[in-house]
Amino acid sequence: MIFLDYAATCPVVKYPQQLYRDVLGGGYFFNPNTNYAYKEKRLLSEAENRVKKAIGAKGGKVIFGGTSSQLIENLMTVIDKQTHYRHVICSAFEHDSFFRHGNVMGYSKKDLFKRLQFAKEYDTKAQKFVMWQGVNNLTGEIFPIEEIGKLCHEHDAFYICDMTAMIGHIPIPTNIDQWCDCAVWSGHKLGTELGIGCCWISDRLDKWLNGFKLHGTPNLAGALAMTQAVEDACDKDTIAKRNEHWFYLFKGLGLFLFNNGITWIGVDRREGETGTFAINAIRLPGFNARALQSYLASKEIYIGLGQSSCADKADRRVLCQGYGLSEQEADEVIRISFGENSSVEDIEALVEGIKNFKELYL
(Lines give C-alpha, C1' and ligand atoms only; values in the text may rest on other atoms or scores of the structure.)
Protein backbone atom coordinates (compact mmCIF):
# COMPACT_ATOMS: atom_id res chain seq x y z
CA MET A 1 0.00 0.00 0.00
CA ILE A 2 1.21 3.49 -0.94
CA PHE A 3 -0.36 6.03 1.42
CA LEU A 4 0.13 9.72 0.61
CA ASP A 5 -2.88 11.23 2.38
CA TYR A 6 -1.53 11.88 5.88
CA ALA A 7 -3.36 15.21 6.00
CA ALA A 8 -6.57 13.16 6.14
CA THR A 9 -5.40 10.72 8.79
CA CYS A 10 -2.46 8.64 9.93
CA PRO A 11 -3.37 5.10 8.75
CA VAL A 12 -1.39 3.42 11.54
CA VAL A 13 -2.32 3.67 15.22
CA LYS A 14 1.00 4.50 16.85
CA TYR A 15 -0.53 5.27 20.25
CA PRO A 16 -3.11 2.53 20.99
CA GLN A 17 -5.27 3.22 24.03
CA GLN A 18 -4.77 -0.30 25.37
CA LEU A 19 -1.13 0.50 26.12
CA TYR A 20 -2.25 3.33 28.37
CA ARG A 21 -5.05 1.35 29.98
CA ASP A 22 -2.38 -0.96 31.35
CA VAL A 23 -0.49 1.89 33.02
CA LEU A 24 -2.16 1.19 36.39
CA GLY A 25 -2.00 -2.56 35.96
CA GLY A 26 -4.89 -4.90 35.31
CA GLY A 27 -6.03 -2.94 32.25
CA TYR A 28 -8.74 -0.96 34.04
CA PHE A 29 -9.46 2.59 35.21
CA PHE A 30 -11.81 4.12 37.71
CA ASN A 31 -13.89 7.10 36.63
CA PRO A 32 -11.62 10.13 37.28
CA ASN A 33 -14.69 12.08 38.43
CA THR A 34 -15.16 9.84 41.47
CA ASN A 35 -13.69 10.83 44.83
CA TYR A 36 -11.75 7.59 45.28
CA ALA A 37 -10.00 7.69 41.85
CA TYR A 38 -6.83 9.29 43.20
CA LYS A 39 -4.43 7.75 40.69
CA GLU A 40 -6.70 8.54 37.76
CA LYS A 41 -7.03 12.18 38.83
CA ARG A 42 -3.28 12.44 39.16
CA LEU A 43 -2.67 10.91 35.71
CA LEU A 44 -5.18 13.25 34.10
CA SER A 45 -3.61 16.28 35.80
CA GLU A 46 -0.13 15.16 34.75
CA ALA A 47 -1.33 14.68 31.16
CA GLU A 48 -2.70 18.22 31.11
CA ASN A 49 0.59 19.65 32.38
CA ARG A 50 2.60 17.62 29.87
CA VAL A 51 0.52 18.91 26.97
CA LYS A 52 0.86 22.50 28.18
CA LYS A 53 4.62 22.07 28.39
CA ALA A 54 4.76 20.54 24.90
CA ILE A 55 2.89 23.45 23.29
CA GLY A 56 4.70 26.06 25.39
CA ALA A 57 1.78 27.20 27.55
CA LYS A 58 2.48 28.54 31.04
CA GLY A 59 -1.17 28.78 32.09
CA GLY A 60 -4.62 27.92 30.85
CA LYS A 61 -6.24 24.51 30.85
CA VAL A 62 -6.24 21.45 28.60
CA ILE A 63 -9.46 19.67 27.65
CA PHE A 64 -9.32 16.11 26.32
CA GLY A 65 -12.30 15.09 24.23
CA GLY A 66 -13.39 14.22 20.70
CA THR A 67 -11.98 15.43 17.40
CA SER A 68 -11.22 19.10 16.76
CA SER A 69 -14.56 19.40 14.94
CA GLN A 70 -16.42 18.06 17.96
CA LEU A 71 -14.47 20.20 20.40
CA ILE A 72 -15.11 23.40 18.47
CA GLU A 73 -18.80 22.52 18.32
CA ASN A 74 -18.86 22.16 22.11
CA LEU A 75 -16.95 25.40 22.57
CA MET A 76 -19.26 27.40 20.31
CA THR A 77 -22.31 25.97 22.10
CA VAL A 78 -20.92 27.25 25.41
CA ILE A 79 -20.07 30.61 23.84
CA ASP A 80 -23.62 30.96 22.56
CA LYS A 81 -24.96 30.28 26.04
CA GLN A 82 -22.59 32.85 27.48
CA THR A 83 -23.66 35.61 25.11
CA HIS A 84 -26.48 36.00 22.61
CA TYR A 85 -24.48 38.55 20.67
CA ARG A 86 -21.18 37.37 19.22
CA HIS A 87 -19.22 38.49 16.18
CA VAL A 88 -17.08 35.75 14.59
CA ILE A 89 -14.50 36.61 11.95
CA CYS A 90 -13.43 33.48 10.09
CA SER A 91 -10.76 33.24 7.40
CA ALA A 92 -11.63 31.79 4.01
CA PHE A 93 -9.12 28.98 4.52
CA GLU A 94 -10.76 27.18 7.43
CA HIS A 95 -11.96 23.59 7.69
CA ASP A 96 -15.72 23.53 7.17
CA SER A 97 -16.37 22.61 10.82
CA PHE A 98 -14.84 25.97 11.82
CA PHE A 99 -15.95 28.02 8.83
CA ARG A 100 -19.63 27.38 9.39
CA HIS A 101 -19.49 29.34 12.66
CA GLY A 102 -18.06 32.49 11.06
CA ASN A 103 -20.18 35.34 9.77
CA VAL A 104 -17.38 37.42 8.23
CA MET A 105 -14.50 36.25 6.05
CA GLY A 106 -10.91 37.48 6.07
CA TYR A 107 -8.38 36.75 3.33
CA SER A 108 -5.27 38.48 4.65
CA LYS A 109 -3.87 40.17 7.75
CA LYS A 110 -4.79 43.51 6.16
CA ASP A 111 -8.41 42.42 5.71
CA LEU A 112 -8.51 41.10 9.25
CA PHE A 113 -7.21 44.40 10.63
CA LYS A 114 -9.90 46.37 8.80
CA ARG A 115 -12.68 44.07 9.98
CA LEU A 116 -11.45 44.08 13.57
CA GLN A 117 -11.12 47.86 13.52
CA PHE A 118 -14.66 48.21 12.18
CA ALA A 119 -16.05 45.74 14.74
CA LYS A 120 -14.28 47.50 17.59
CA GLU A 121 -15.65 50.91 16.61
CA TYR A 122 -19.16 50.08 15.43
CA ASP A 123 -20.06 46.72 16.99
CA THR A 124 -19.10 47.51 20.55
CA LYS A 125 -21.71 45.31 22.26
CA ALA A 126 -20.69 42.05 20.60
CA GLN A 127 -17.97 39.79 21.95
CA LYS A 128 -15.58 39.28 19.05
CA PHE A 129 -13.85 36.04 18.04
CA VAL A 130 -11.41 35.24 15.24
CA MET A 131 -10.90 31.75 13.78
CA TRP A 132 -7.73 31.35 11.74
CA GLN A 133 -5.84 28.08 11.30
CA GLY A 134 -2.10 27.59 11.73
CA VAL A 135 -1.41 25.57 8.57
CA ASN A 136 -3.80 25.08 5.68
CA ASN A 137 -4.86 21.46 5.43
CA LEU A 138 -4.97 21.54 1.61
CA THR A 139 -1.90 23.50 0.55
CA GLY A 140 0.40 23.45 3.58
CA GLU A 141 0.47 27.27 3.74
CA ILE A 142 1.80 28.53 7.07
CA PHE A 143 -0.11 31.48 8.49
CA PRO A 144 1.44 34.13 10.80
CA ILE A 145 -0.68 33.11 13.76
CA GLU A 146 1.38 34.95 16.38
CA GLU A 147 0.81 38.24 14.53
CA ILE A 148 -2.85 37.40 14.00
CA GLY A 149 -3.34 36.57 17.66
CA LYS A 150 -1.69 39.78 18.88
CA LEU A 151 -3.84 41.76 16.43
CA CYS A 152 -6.93 40.10 17.90
CA HIS A 153 -5.94 41.01 21.44
CA GLU A 154 -5.31 44.61 20.44
CA HIS A 155 -8.93 44.76 19.27
CA ASP A 156 -10.48 42.97 22.28
CA ALA A 157 -11.13 39.76 20.35
CA PHE A 158 -10.53 36.16 21.38
CA TYR A 159 -8.34 34.16 18.98
CA ILE A 160 -9.24 30.51 18.23
CA CYS A 161 -6.57 28.62 16.27
CA ASP A 162 -7.14 25.30 14.51
CA MET A 163 -3.77 23.55 14.86
CA THR A 164 -4.84 20.18 13.41
CA ALA A 165 -2.69 20.52 10.27
CA MET A 166 0.04 22.37 12.15
CA ILE A 167 1.12 20.18 15.05
CA GLY A 168 3.91 17.85 13.96
CA HIS A 169 4.65 19.91 10.85
CA ILE A 170 6.00 23.21 12.20
CA PRO A 171 6.91 24.47 15.68
CA ILE A 172 4.28 26.39 17.64
CA PRO A 173 5.38 30.02 18.17
CA THR A 174 6.61 30.67 21.70
CA ASN A 175 4.60 32.32 24.48
CA ILE A 176 1.27 30.98 23.29
CA ASP A 177 -0.45 32.52 26.35
CA GLN A 178 0.31 36.00 24.98
CA TRP A 179 -1.30 35.64 21.55
CA CYS A 180 -3.77 32.73 21.58
CA ASP A 181 -6.96 31.96 23.50
CA CYS A 182 -7.87 28.53 22.17
CA ALA A 183 -5.84 25.96 20.23
CA VAL A 184 -7.53 22.78 19.07
CA TRP A 185 -6.40 19.66 17.17
CA SER A 186 -7.32 16.05 16.38
CA GLY A 187 -5.26 13.06 17.49
CA HIS A 188 -5.81 10.73 14.55
CA LYS A 189 -3.58 12.91 12.35
CA LEU A 190 -0.77 12.18 14.83
CA GLY A 191 -1.37 8.44 15.13
CA THR A 192 -3.95 8.03 17.90
CA GLU A 193 -7.16 6.11 17.42
CA LEU A 194 -10.13 7.91 15.89
CA GLY A 195 -12.33 10.18 17.98
CA ILE A 196 -9.58 11.57 20.21
CA GLY A 197 -8.73 15.26 20.31
CA CYS A 198 -7.51 18.03 22.55
CA CYS A 199 -7.82 21.76 23.07
CA TRP A 200 -6.03 24.35 25.14
CA ILE A 201 -8.01 27.26 26.62
CA SER A 202 -6.26 30.39 27.87
CA ASP A 203 -6.92 31.75 31.35
CA ARG A 204 -8.38 34.84 29.69
CA LEU A 205 -10.99 32.92 27.68
CA ASP A 206 -11.67 30.43 30.47
CA LYS A 207 -12.50 33.29 32.82
CA TRP A 208 -14.91 34.80 30.28
CA LEU A 209 -16.56 31.37 29.88
CA ASN A 210 -16.83 30.94 33.67
CA GLY A 211 -14.79 27.75 33.43
CA PHE A 212 -15.02 25.69 30.22
CA LYS A 213 -15.35 21.94 30.63
CA LEU A 214 -16.80 18.88 28.93
CA HIS A 215 -19.39 16.90 30.82
CA GLY A 216 -19.21 13.15 31.21
CA THR A 217 -16.53 10.59 32.05
CA PRO A 218 -13.06 11.54 30.77
CA ASN A 219 -11.38 9.05 28.43
CA LEU A 220 -8.20 8.71 30.46
CA ALA A 221 -6.55 6.17 28.15
CA GLY A 222 -7.28 8.41 25.18
CA ALA A 223 -5.93 11.43 27.05
CA LEU A 224 -2.66 9.63 27.83
CA ALA A 225 -2.33 8.49 24.21
CA MET A 226 -3.00 12.05 23.04
CA THR A 227 -0.41 13.41 25.46
CA GLN A 228 2.34 11.12 24.18
CA ALA A 229 1.41 11.94 20.57
CA VAL A 230 1.59 15.70 21.22
CA GLU A 231 4.94 15.46 23.01
CA ASP A 232 6.44 13.50 20.14
CA ALA A 233 4.92 15.76 17.48
CA CYS A 234 6.12 18.99 19.11
CA ASP A 235 9.76 17.94 19.42
CA LYS A 236 11.61 20.62 17.43
CA ASP A 237 14.51 18.40 16.36
CA THR A 238 12.08 15.82 15.01
CA ILE A 239 10.11 18.50 13.15
CA ALA A 240 13.28 19.84 11.52
CA LYS A 241 14.36 16.38 10.34
CA ARG A 242 10.90 15.58 9.00
CA ASN A 243 10.68 18.85 7.06
CA GLU A 244 14.04 18.20 5.45
CA HIS A 245 12.80 14.74 4.43
CA TRP A 246 9.49 16.12 3.08
CA PHE A 247 11.29 18.80 1.05
CA TYR A 248 13.43 16.09 -0.53
CA LEU A 249 10.32 14.05 -1.40
CA PHE A 250 8.53 17.05 -2.91
CA LYS A 251 11.53 17.88 -5.07
CA GLY A 252 11.61 14.24 -6.21
CA LEU A 253 7.91 14.37 -7.01
CA GLY A 254 8.38 17.37 -9.29
CA LEU A 255 11.33 15.75 -11.03
CA PHE A 256 9.53 12.43 -11.61
CA LEU A 257 6.44 14.19 -13.00
CA PHE A 258 8.60 16.26 -15.37
CA ASN A 259 10.60 13.24 -16.55
CA ASN A 260 7.38 11.38 -17.33
CA GLY A 261 5.94 14.22 -19.39
CA ILE A 262 3.23 15.13 -16.88
CA THR A 263 2.44 18.84 -16.66
CA TRP A 264 1.73 20.02 -13.15
CA ILE A 265 1.16 23.34 -11.42
CA GLY A 266 1.57 23.91 -7.71
CA VAL A 267 -1.33 25.65 -5.99
CA ASP A 268 0.86 28.57 -5.01
CA ARG A 269 0.77 29.74 -1.46
CA ARG A 270 -0.16 33.38 -1.50
CA GLU A 271 2.58 35.89 -2.17
CA GLY A 272 4.91 36.32 0.75
CA GLU A 273 3.58 33.30 2.67
CA THR A 274 5.57 30.14 3.41
CA GLY A 275 4.53 26.52 3.64
CA THR A 276 5.40 23.06 4.86
CA PHE A 277 6.18 20.42 2.25
CA ALA A 278 4.32 17.88 4.36
CA ILE A 279 1.11 18.97 2.58
CA ASN A 280 1.08 19.82 -1.12
CA ALA A 281 -1.74 20.72 -3.49
CA ILE A 282 -0.86 20.33 -7.18
CA ARG A 283 -3.00 20.83 -10.25
CA LEU A 284 -2.80 18.40 -13.17
CA PRO A 285 -4.33 20.23 -16.17
CA GLY A 286 -6.70 18.01 -18.15
CA PHE A 287 -7.06 15.45 -15.34
CA ASN A 288 -10.21 14.86 -13.34
CA ALA A 289 -8.85 14.61 -9.79
CA ARG A 290 -11.71 12.50 -8.45
CA ALA A 291 -11.40 9.95 -11.27
CA LEU A 292 -7.63 9.86 -10.79
CA GLN A 293 -8.05 9.31 -7.06
CA SER A 294 -10.41 6.37 -7.67
CA TYR A 295 -8.06 4.83 -10.24
CA LEU A 296 -5.05 5.11 -7.93
CA ALA A 297 -7.04 3.66 -5.02
CA SER A 298 -7.74 0.58 -7.17
CA LYS A 299 -3.95 0.16 -7.30
CA GLU A 300 -3.67 0.72 -3.51
CA ILE A 301 -2.18 4.18 -3.96
CA TYR A 302 -3.98 6.73 -1.81
CA ILE A 303 -3.99 10.51 -2.27
CA GLY A 304 -6.32 13.34 -1.26
CA LEU A 305 -8.32 15.88 -3.25
CA GLY A 306 -8.37 19.66 -3.17
CA GLN A 307 -10.93 19.75 -0.38
CA SER A 308 -11.30 18.67 3.22
CA SER A 309 -11.77 14.92 3.61
CA CYS A 310 -14.76 15.68 5.84
CA ALA A 311 -16.44 18.13 3.44
CA ASP A 312 -19.18 17.63 0.87
CA LYS A 313 -18.03 16.14 -2.43
CA ALA A 314 -18.37 19.41 -4.31
CA ASP A 315 -16.82 21.64 -1.65
CA ARG A 316 -14.22 23.71 -3.51
CA ARG A 317 -14.62 26.75 -1.27
CA VAL A 318 -11.03 26.99 -0.01
CA LEU A 319 -9.38 26.61 -3.42
CA CYS A 320 -11.82 28.94 -5.20
CA GLN A 321 -12.38 31.61 -2.57
CA GLY A 322 -9.07 31.41 -0.73
CA TYR A 323 -6.67 30.67 -3.57
CA GLY A 324 -8.53 32.09 -6.56
CA LEU A 325 -8.93 28.94 -8.67
CA SER A 326 -11.86 28.43 -11.02
CA GLU A 327 -14.25 25.53 -10.47
CA GLN A 328 -12.63 23.65 -13.36
CA GLU A 329 -9.13 24.24 -12.03
CA ALA A 330 -10.18 23.09 -8.55
CA ASP A 331 -11.46 19.84 -10.08
CA GLU A 332 -7.91 19.17 -11.31
CA VAL A 333 -6.24 19.50 -7.90
CA ILE A 334 -4.92 16.58 -5.90
CA ARG A 335 -3.40 16.73 -2.42
CA ILE A 336 -0.25 14.77 -1.65
CA SER A 337 0.68 14.71 2.01
CA PHE A 338 3.60 12.89 3.57
CA GLY A 339 4.22 11.06 6.82
CA GLU A 340 7.51 10.32 8.52
CA ASN A 341 7.72 6.94 6.72
CA SER A 342 6.93 8.22 3.21
CA SER A 343 9.65 7.25 0.75
CA VAL A 344 11.03 7.97 -2.71
CA GLU A 345 9.64 4.60 -3.77
CA ASP A 346 6.16 5.83 -2.79
CA ILE A 347 6.62 8.86 -5.05
CA GLU A 348 7.82 6.71 -7.94
CA ALA A 349 4.79 4.44 -7.61
CA LEU A 350 2.45 7.45 -7.49
CA VAL A 351 3.91 9.01 -10.62
CA GLU A 352 3.78 5.68 -12.43
CA GLY A 353 0.10 5.44 -11.52
CA ILE A 354 -0.58 8.97 -12.80
CA LYS A 355 1.29 8.16 -16.02
CA ASN A 356 -0.77 4.98 -16.56
CA PHE A 357 -4.01 6.88 -15.92
CA LYS A 358 -3.00 9.48 -18.50
CA GLU A 359 -2.22 6.82 -21.11
CA LEU A 360 -5.51 5.02 -20.49
CA TYR A 361 -7.99 7.87 -20.21
CA LEU A 362 -6.56 11.16 -21.54
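For the structure itself, look to the data block above.
Residues numbered from 1 in each chain as written. Predicted model: local features only at pLDDT ≥ 70, side-chain atom pairs only at ≥ 80, totals over all residues. Heavy atoms only, no water.

## A short note on helix H10 (residues 236-259)
In an α-helix, one turn spans 3.6 residues, which is why side chains three or four residues apart end up on the same side.
Here's step 1: Here H10 contains 24 residues, and its C-alpha end-to-end distance of 35 Å stays within 8% of the 34 Å for a straight helix at 1.5 Å per residue.
Here's step 2: Those residues of H10 hidden inside the fold are in contact with helix H9 (220-233), strand E12 (279-283), strand E15 (333-337) and helix H14 (344-361).
Here's step 3: Remark: Gly261 follows H10 within two positions and exhibits a positive phi of approximately 70 degrees. (Helix = DSSP H or I, 4+ residues; strand = E, 2+ residues; numbered from the N terminus. Expected span 1.5 Å × (residues − 1). Contact = heavy atoms within 4.5 Å.)

## Quick word on the sheet that holds E12
Here's step 1: One open sheet holds the four strands; their spatial order is E10-E12-E15-E14, and the pairing between them is antiparallel. Two strands lie at the open edges of the sheet, namely strand E10 (265-266) and strand E14 (304-305), each paired on one side alone.
Here's step 2: Relative to E15, E14 is paired through two bridges, and the arrangement is antiparallel. When the bridges of E15 are listed, Leu305 appears paired with Ile334. (Pairing = 2+ DSSP bridges.)

## Examining the layout of surface pockets
Here's step 1: Of the voids in this model, the largest pocket is the one considered here, and its volume is about 630 Å³.
Here's step 2: If you go around the largest pocket, you meet 40 residues; those closest to its centre are Tyr6, Cys10, His188, Lys189 and Leu190.
Here's step 3: Sorting the residues of the lining of the largest pocket by element identifies helix H3 (68-82), helix H4 (96-99), H9 and H10 as the ones contributing at least two each.
Here's step 4: The residue inventory of the lining of the largest pocket, partitioned by class, reads 17 nonpolar, 16 polar and seven charged.
Here's step 5: Its boundaries defined by the atoms lining it, the second largest pocket holds a volume of some 510 Å³.
Here's step 6: In terms of lining, the second largest pocket is formed by 20 residues, of which the most central are Leu44, Ile63, Phe64, Leu214 and Pro218.
Here's step 7: Those elements that place two or more of their residues in the lining of the second largest pocket are helix H2 (38-55), strand E2 (61-65) and H9.
Here's step 8: Considering each element in turn, the lining of the second largest pocket owes the most residues, five residues, to E2.
Here's step 9: In the lining of the second largest pocket, the residues fall into eight nonpolar, nine polar and three charged. (1 Å grid on protein atoms, 1.4 Å probe; cavity = no way out; pocket = protein on both sides within 12 Å on 5 of 7 lines; lining within 4 Å. Points joined across faces, edges and corners; volume = space filled by probe spheres on them. Nonpolar A, V, L, I, M, F, W, Y, C, P; charged D, E, K, R; others polar.)

## Quick look at the side chain of Ser186
Here's step 1: Take Ser186: it is sitting in strand E8 (residues 182-186).
Here's step 2: Owing to a relative accessible area of 4%, Ser186 belongs among the buried residues under this scheme.
Here's step 3: Reaching out from Ser186, the side chain makes a polar contact with the backbone nitrogen of Ser68 at a distance of 2.9 Å.
Here's step 4: Apart from the residues within four sequence positions on either side, Ser186 is in contact with Thr67, Ser68, Thr164, Ile196 and Gly197. (Buried < 20%, exposed > 50% of the residue type's maximum accessible area, 1.4 Å probe, protein only. Polar contact = N/O pair within 3.5 Å; in protein donor to acceptor, adjacent residues only side chain to side chain.)

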